[in-house]
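# Report on the structure
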Amino acid sequence: MRCGAVLGLHEGQLVEYDPDTLSPLGLVVDRETLRQREVLVVEEGTVLVLVEPKSKNIEVVHPNDDGTYWRKVQRNKKVRQEEKLREQVAKKWFDKPL
């Protein structure tokens, strides 16, 4: 991704890896949540999105404060506002005519 994050699918889960050593940092999206969804990186590598192909429902995966994506503790209000903005960017991108 543009931010330098290294993400990969491993055993049906989306995992973040250390960019230097490629050792796993943690789980981004678990197997159950990822089931039947596609993982897309849009807007030149700035937004990570999960898409259900049949319904076209999207879910934006937001980074943590430090720029990593693996799941940590609950985010604060400022971060939730930034997440909402990224969701709007993703929705706008998907609403563009092809």
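Residues numbered from 1 in each chain as written. Predicted model: local features only at pLDDT ≥ 70, side-chain atom pairs only at ≥ 80, totals over all residues. Heavy atoms only, no water.

## Overview of the environment of E38
The cut-off we apply is this: Note on conventions: DSSP H or I runs of at least 4 residues are helices, E runs of at least 2 residues are strands, and numbering of each starts at the N terminus. Contacts: residue pairs with any heavy atoms within 4.5 Å of one another.
Summarising the element assignment, E38 is placed in strand β4 (residues 38-42). Measuring from C-alpha to C-alpha, the distance between E38 and P53 comes to 7.1 Å, with 15 residues separating the pair along the chain. Excluding residues within four positions of it along the chain, E38 makes contact with V49, L50, V51 and P53.

## Quick look at the sheet that holds strand β6 (residues 58-61)
Selection rule: By the convention used here, strands pair only if DSSP detects at least 2 bridges between them. Lines fitted to C-alpha atoms define the axes here, with helix axes fitted over just the stretch in contact, and angles between the N-to-C directions of these axes take values from 0 to 180 degrees.
The 3 strands are arranged β4-β5-β6 in an open sheet whose pairing can be described as antiparallel. Two strands bound the open sheet, and with one partner strand each, they are β4 and β6. Strand-to-strand twist across the sheet, computed as the mean angle between neighbouring axes with direction ignored, equals 30 degrees. Looking at chain direction, β4 and strand β5 (residues 47-51) are connected through 5 bridges and run antiparallel. Bridged to V42 within β5 is V47.

## Let's talk about the environment of R37
What counts, and what does not: Under the rule applied, a polar contact is a pair of N or O atoms within 3.5 Å (in protein, one hydrogen donor and one hydrogen acceptor; residues adjacent in sequence only if both atoms are side-chain atoms).
Among the secondary structure elements, R37 is positioned in the loop between α1 (31-34) and β4. The sequence separation of R37 and E87 amounts to 50 residues, and the corresponding C-alpha distance is 17 Å. Excluding its chain neighbours within four sequence positions, the residues that come into contact with R37 are L50, V51, E52, P53 and E59. A polar side-chain atom of R37 sits 2.6 Å from a polar atom in the side chain of E59.

## Concerning the pattern of salt bridges
As a reminder of what qualifies: The rule for a salt bridge is simple: a side-chain nitrogen of Lys or Arg has to be within 4 Å of a carboxyl oxygen of Asp or Glu. Partly exposed residues are those whose accessible area sits between 20% and 50% of the maximum for their type, while under 20% is buried and over 50% is exposed, using a 1.4 Å probe and protein chains only.
Per the counting criterion, the structure on display carries 5 salt bridges. E44 serves as the salt-bridge partner of R2, at 2.9 Å between the closest nitrogen and oxygen. Of this pair, R2 sits in the segment before β1 (6-10) while E44 is found in the loop between β4 and β5, placing the two residues 42 residues apart along the sequence. Residue class for R2 comes out exposed when judged on its relative accessible area of 55%. In this structure, R37 and E52 form a salt bridge, with 3.5 Å as the shortest nitrogen-oxygen distance. Here R37 is found in the loop between α1 and β4, whereas its partner E52 is found in the loop between β5 and β6, with 15 residues between them in sequence. A residue is classified by how much of its surface remains accessible, and E52, at 28% relative accessible area, is partly exposed. A single network of salt bridges, built from pairs that share partners, joins R37, E52 and E59.

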